Amino acid sequence: DYFTHSLDSPIRLIGDDSKCQTEIIENKKIKSTYDQDHCGNLTITGCFFNDCTSKNYGGSLFVEQECNITIHKTIFNKSRTKKSLGGAGFIVQKKGENHAPDFQDEQLPYLDVQYCCFNDCSGPSSLYGVAFFMAARNSILYYSSTVKCPGDKKVTGAQFDIQAVDIKSHYVNATGGKADYCAGIEYRYATSGFFRF
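Residues numbered from 1 in each chain as written. Predicted model: local features only at pLDDT ≥ 70, side-chain atom pairs only at ≥ 80, totals over all residues. Heavy atoms only, no water.

Remarks on the overall build of the chain
Line of reasoning, step 1. Check the secondary structure of the chain and you find zero helices and 19 strands.
Line of reasoning, step 2. At a minimum sequence separation of 6, the contacts of the chain that also span at least 24 residues come to 81%.
Line of reasoning, step 3. By element, 49% of the accessible surface of the chain is carried by carbon and sulfur atoms, the whole surface being about 8,700 Å². (Helix = DSSP H or I, 4+ residues; strand = E, 2+ residues; numbered from the N terminus. Contact = heavy atoms within 4.5 Å. Areas by Shrake-Rupley, 256 points an atom, 1.4 Å probe, with all protein chains shown as cover.)

Quick look at the structure:
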């Protein structure tokens with residue numbers, strides 16, 4: 001799949017309809033935008049998000065609903081947000097009332113991010129989660145890397161901002177971050193997990 005030059009998050013999941021189906025996005029050529037609003041579980045694999053900009057949170061991916069998400073073997077190149085959360089992706093069950101730096105969003109049941117690359121993702125100087133801003137009770141972040149995120153400018157928060165109960169992160173390359181507070185990975189609220197470079 002190929003998402004390019006989108007002027008709003010090309011994939012948006014919003015809602016809480018229990019009748020929603022699992023969406024699998026793989027091996028399709030899609031330019032500009034995918035149908036705007038979907039609900040249900042989401043699997044993205046082998047995709048390329050290029051030069052996607054959002055006026056809202058999450059330059060390439062915006063999720064605000066209860067669902068399970070798997071994102072594997074995907075490249076986010078030049079994803080940008082005009083707001084302060086999620087340069088490439090904003091993924092929560094429901095946005096909380098708390099504001100920066102004490103976010104407390106409702107968490108998805110499960111989020112699995114593996115073998116993903118984030119290149120030149122950015123946003124305003126108040127940005128948290130240059131690559132992903134995410135909240136999931138069970139979070140996995142394996143074999144993923146950031147390059148030039150956020151580039152030459154400095155932002156407020158981490159490249160990966162993760163709210164979770166149980167988190168597993170392994171072989172994540174988050175070098176070169178420039179931030180006022182935590183330039184690499186921010187782990188919030190985790191009570192158990194597995195962390196290894």
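Some details on a nonpolar patch on the surface
Line of reasoning, step 1. On the surface, Y115, Y143 and Y171 cluster together into a nonpolar patch covering about 300 Å² of accessible area.
Line of reasoning, step 2. For Y171, a relative accessible area of 35% gives the class partly exposed. (Patch = residues over 30% accessible without salt bridge, like charges linked within 9 Å, V, L, I, M, F, W, Y side chains within 5 Å. Salt bridge = Lys/Arg side-chain N within 4 Å of Asp/Glu carboxyl O. Buried < 20%, exposed > 50% of the residue type's maximum accessible area, 1.4 Å probe, protein only.)

Structural notes on the nonpolar core
Note on soluble globular proteins: their nonpolar side chains tend to be buried together.
Line of reasoning, step 1. I69, I71, I91, F118, F132 and F160 are the most contacted members of the largest nonpolar core, which totals 36 residues.
Line of reasoning, step 2. Per element, the largest residue contribution to this core is four residues, and it comes from strand 15 (residues 132-147).
Line of reasoning, step 3. In contact with I91, not counting residues within four places along its chain, are L61, V63, I69, I71, L108, L111, F132, F133, M134 and A135. (Core = buried A, V, L, I, M, F, W, Y, C linked by side-chain atoms within 4.5 Å.)

Observations concerning unusual backbone geometry
Line of reasoning, step 1. Following A100, the chain continues into P101 via a peptide bond in cis, with omega recorded as 0 degrees.
Line of reasoning, step 2. Looking at where P101 falls in the secondary structure, it is placed in the loop between strand 12 (89-92) and strand 13 (108-114).
Line of reasoning, step 3. Residue P150 is bonded to the preceding C149 through a cis peptide linkage, with omega at 15 degrees.
Line of reasoning, step 4. You can see P150 is positioned in the loop between strand 15 and strand 16 (160-163).
Line of reasoning, step 5. Even without glycine at this site, K78 takes up a positive phi of about 55 degrees.
Line of reasoning, step 6. Its place among the elements puts K78 in the loop between strand 10 (75-77) and strand 11 (80-81).
Line of reasoning, step 7. Judged by relative accessible area, K78 falls into the partly exposed class, the value being 36%.
Line of reasoning, step 8. Positioned with a positive phi, Y115 is a non-glycine residue whose angle comes to about 55 degrees.
Line of reasoning, step 9. The residue Y115 is located in the loop between strand 13 and strand 14 (117-119) in this model.

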